[in-house]
Every structure is written in structure tokens, then in C-alpha cells.
Amino acid sequence: MSAAISTARPPRRHRTHLATVAALFGRDFTVTLTNRAWVALLQLGAVAPPVVSLLVWTGAIARGASPPVPADGIVTWFVLVAVVSMVTSSWTASFLAEDIRAGGLSIWLVRPCPAFAHLVANNLAEKSVKSIVLLPMVGVLGLVFRQQVRLPTDPAVWAAALGALVCAAVLAFVLDVLVGCLAFWFEDVEGVQGIVGLSQRLLSGAVVPLMLLPAEVQDAVRFQPFRFTLAFPLEVLTGSGFAHLADWVALLGWTGASLGVLALVWSRGVRRFEAAGA
């Protein structure tokens, strides 16, 4: 009897946690919907830089420039980059750091749900609302450049891209949470957050697609983690990253390692937080 009870408890607890995340998701989804104008302006700002880059590159190609990759691949990249960037984005560090400094984290530590539940729910809810606004914008952009957009027809490529996108979102979220966790030991993490944010924009391909960099530079930045938070899923969709096993191993390795580091940092940070009596 006791064995049956002990084996039944974990699934029930997991269902409770999922129900909690679902409830928090619904709350944050509703709150985000009340700020529709802000979300629309935010997504319009997210689409504008790729559109400008797309116009610059297509104009340069029309005037005889010879990029190192086919023009269709560049156009497809800039059409899709806003969507991938939104899906893999995270804004958790500042809020988590403030919760740690002000003691607000204690509320979540005593609740019967994982302390990360509200962070995950907020991330998913805001992305859901943003996708409703962003996808029509990207659809219009795709129609304008439909002659040059080349999407894969093989379902295996789409499945691989989806897997890479999920891992990229998890990796980006965990890295952001790790920056926020520094507040367990440091009063101000904004400097570190700024450095990490700048590094991510430069090394993820958000500013310049990594496939357009010189071969030597591409080799140098190929296995750093920021590439896998944005560039790699796009490389899979555009046909330049699907066949390299080493890249997939690196993606899974960085994702697993980041989760392991987060578990260690979080456990030690929470002990320090509780010892301080916050």
C-alpha cells in the first residue's frame, strides 16, 4: 500500500505544478493583452532592424555585391529572424535580481510550487501575445519578398528546426536567469547584464548573420553558446546547419550544461538568501 502511494504522489505533484504554471500563464497572458498597444510598438521595433538590413543587402546585391551565401538564404534569414529572436528572447534577469535584492523571492520560496514557475509562465505568456502581433507583420514581409524566400519542404528539416528552436529558447532563458542569480552575491548586476546582452546580440547573429562573416571568424565563434540562442535554428531553416552533427552536440551540450549550472547556482544562492533572513 505504501509503495503504491509513494509512486502515485510524484505524478500528482507534477500535475499540480503544471496547473500552477497554467494558472500563472493565464494571468500573465491577460495582463499582457491589456497592454496591446505597447506590445504592438515593441514588435514593430523588433521587425524594423531586420527590414532595414534586408533592404540594404538586397540593394547591395542588386548593384553587383557577391555575398558568401545565396541571396535567397539572406532574404529568408532576415524575414524570419524577428520571429526566432522573439521566441528565444528572455527578459528575466532584471526582475529576478530585483526580487532577490528586495526579498520578494521569499514569497515564491514558501509557495507549494517551483520558484521558477512564475518566471516561466511570464515568459511563455508574453511570447504568446507577441506572436499574435508579430506573425502578421512577418507574413506581410514574407509576401513582399516571396520571390526570394525559400522555406524547406522536407518535414524532417522543420522538425529539426523546431527542436533547435526549443533548445535555443531554453538556453537563452537559463543564461538570463543565471545573470539574475548573481544578485544572490552582488548588489548590482546591471553591468554584467549589459555585457552579456551586448555579447549575445553580436555573437548570436542578431546584428549580422554569422554566415556572412569571414570563414576564420565563423570558425572562431562556431561553438560559443550565444550562436545557439538564435543563429543555429535559422541556419537549420536556411540549410546551412542541418547536417553538422558537431553543432547539434554543442547545442545539446550547452543546454544541458546550463541547466546543471543553474541547479547548482540556484541551490547555493537560495541557501545564502535564506541565511540572510530575507
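Note that this is a predicted model, so its numbers are computed, not measured.

## Overview of the pattern of salt bridges
Counted according to the given criterion, the structure contains 7 salt bridges. Here Lys 130 ties to Glu 126 by a salt bridge, and the two come within 3.8 Å at their closest N and O atoms. Taken together, the positions of Lys 130 and Glu 126, both in helix α6 (residues 117–144) and 4 residues apart, correspond to about one turn of that helix. For the pair Lys 130 and Glu 126, one class covers both residues: buried. With its nearest N and O atoms 2.9 Å apart, the salt bridge here joins Arg 227 to Asp 247. Within this pair, whereas Arg 227 is found in the loop between α9 (215–221) and α10 (231–238), its partner Asp 247 is found in helix α11 (residues 245–275), the two being separated by 20 residues in sequence.

## Here's the deal with the side chain of Thr 255
Relative to the helices and strands, Thr 255 is located in helix α11. Beyond its immediate stretch of four places on either side in the chain, Thr 255 contacts Cys 167, Val 170 and Leu 171.

## Some details on a nonpolar patch on the surface
A surface patch of nonpolar side chains, about 330 Å² in accessible area, is lined by Leu 162, Val 166, Val 170 and Leu 259. Counting residues per element, the nonpolar patch draws most heavily on helix α7 (residues 155–181), which supplies 3 residues. Within the element layout of this structure, Val 166 appears in helix α7.

## Observations regarding the packing of aromatic side chains
In the structure shown here, the tally under the stated rule is 7 aromatic pairs. Between Phe 184 and Trp 185, the aromatic rings sit 5.9 Å apart at their centres with planes inclined by 80 degrees, giving edge-to-face as the arrangement. The class for Trp 185 is partly exposed, based on a relative accessible area of 37%. When the centroid spacing of 6.2 Å and the interplanar angle of 75 degrees are considered together, the rings of Phe 184 and Phe 273 count as edge-to-face. Linking Phe 184 in the loop between α7 and α8 (190–203) with Phe 273 in helix α11, this pair joins segments that are 89 residues apart in sequence. On the accessibility criterion, Phe 184 (7% relative accessible area) is buried. Directly above the ring of Trp 91 sits Lys 130, whose terminal nitrogen or CZ lies 4.0 Å from the centroid.

## Some details on the confidence of the model for the protein
Summing up the model confidence of the protein, the mean pLDDT is 87 and the portion of residues at 70 or higher is 91%. The spread of mean pLDDT over the elements of the protein runs between helix α1 (residues 2–33), the lowest at 69, and α7, the highest at 95. For the stretch residues 1–10, pLDDT sits under 50, and the model shows 0 contacts to residues farther than four places along the chain or on other chains.

## Quick word on α10
Burial analysis of α10 places 7 of its 8 residues in the buried class, which makes it a mostly covered element. Listed in full, the buried residues belonging to α10 are Ala 231, Phe 232, Pro 233, Leu 234, Glu 235, Val 236 and Leu 237. At the exit of α10 stands Gly 239, carrying a positive phi of roughly 95 degrees.

Cut-offs used in this document
Residues numbered from 1 in each chain as written. Predicted model: local features only at pLDDT ≥ 70, side-chain atom pairs only at ≥ 80, totals over all residues. Heavy atoms only, no water. Salt bridge = Lys/Arg side-chain N within 4 Å of Asp/Glu carboxyl O. Helix = DSSP H or I, 4+ residues; strand = E, 2+ residues; numbered from the N terminus. Buried < 20%, exposed > 50% of the residue type's maximum accessible area, 1.4 Å probe, protein only. Contact = heavy atoms within 4.5 Å. Patch = residues over 30% accessible without salt bridge, like charges linked within 9 Å, V, L, I, M, F, W, Y side chains within 5 Å. Areas by Shrake-Rupley, 256 points an atom, 1.4 Å probe, with all protein chains shown as cover. Phe/Tyr/Trp six-rings, centres within 6.5 Å; stacked < 30°, edge-to-face > 60°. Lys NZ or Arg CZ within 6 Å of the ring centre and 35° of its normal. pLDDT = per-residue confidence, 0-100.

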